[in-house]
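Overview (structure and organization)
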Amino acid sequence: MELNRLEQALHTARALVMADLTAGDVAEAEIVSLVEDAVTHRRWWVEQWPDGVEYLVGLVAQDVQDALLERYGRWPLCPVCDAGDPHALDVEPELGPDPRWVCTKATVMVARVGALSGVQRR
């Protein structure tokens, strides 16, 4: 795989996930480190499977979401559902291009990964 294509894809994934973290006001130094860890891991992963480059954004978002769940709690919280326990959005497709944050309870797309800043909490 061409190095520039890989670097561009990794920078794009980092930027989009950081935009969502910033939109949720959770882009603290410790959390930014989780993003960097995810990007480092996915760099190795895509070097092993170059055809996976188009899946990097969704995978980095999922990696950060998993790391946050283990250390801090659910992220990003669903802005659609008012009733019941707070729950996190999911990334769909799990392995595919053009990842989106979706609420599986309400079965709606909330935003593309990187575009949570345009979503208002009800």
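Residues numbered from 1 in each chain as written. Predicted model: local features only at pLDDT ≥ 70, side-chain atom pairs only at ≥ 80, totals over all residues. Heavy atoms only, no water.

1. Considerations on the sheet that holds strand β1 (residues 90-92)
We count it as follows: The pairing criterion is simple: DSSP has to find at least two bridges between the two strands. Only runs of H or I of at least four residues qualify as helices and only runs of E of at least two qualify as strands under DSSP, and these elements are numbered from the N terminus. Between the N-to-C directions of two axes lies an angle of 0 to 180 degrees, each axis being a line fitted to C-alpha atoms and, for a helix, fitted only over the stretch in contact.
Strand order in the open sheet formed by three strands is β1-β2-β3, with antiparallel pairing between adjacent strands. Single-partner strands in this sheet number two, and they are β1 and β3 (108-112). Taking the axes of each pair of neighbouring strands and ignoring which way they run, one obtains an average angle of 40° across the sheet. Note: β1 against strand β2 (residues 100-103), three bridges, orientation antiparallel.

2. Here's the deal with the packing of helix α2 (residues 29-48) against helix α3 (residues 56-71)
When two helices pack together, their arrangement is given by the angle between the helix axes and by the axis-to-axis distance. Rules: Oblique is the label for any angle not under 35 degrees, not over 145, and not in the 65 to 115 range, which are roughly parallel, roughly antiparallel and roughly perpendicular in turn. In this scheme the crossing of two helices becomes right-handed for a clockwise turn of the near helix relative to the far one and left-handed for an anticlockwise turn of less than a right angle. Note on contacts: a residue pair qualifies if any of its non-hydrogen atoms lie within 4.5 Å across the two residues. Polar here means any residue other than Ala, Val, Leu, Ile, Met, Phe, Trp, Tyr, Cys and Pro, which are nonpolar, and Asp, Glu, Lys and Arg, which are charged; Gly is therefore polar.
Running from N to C, α2 and α3 cross one another at 135°; their axes reach a closest spacing of 9 Å. The pairing of α2 with α3 is recorded here as oblique in orientation. The two elements α2 and α3 meet at a crossing, and its hand is right-handed. In this structure, α2 uses I31, L34, V35, A38, V39, H41, R42, W45 and V46 to contact α3, whose residues at the interface are L56, L59, V60, D63, V64, A67, L68 and R71. Taken together, the residues of the contact of α2 with α3 sort by class into 13 nonpolar, one polar and three charged.

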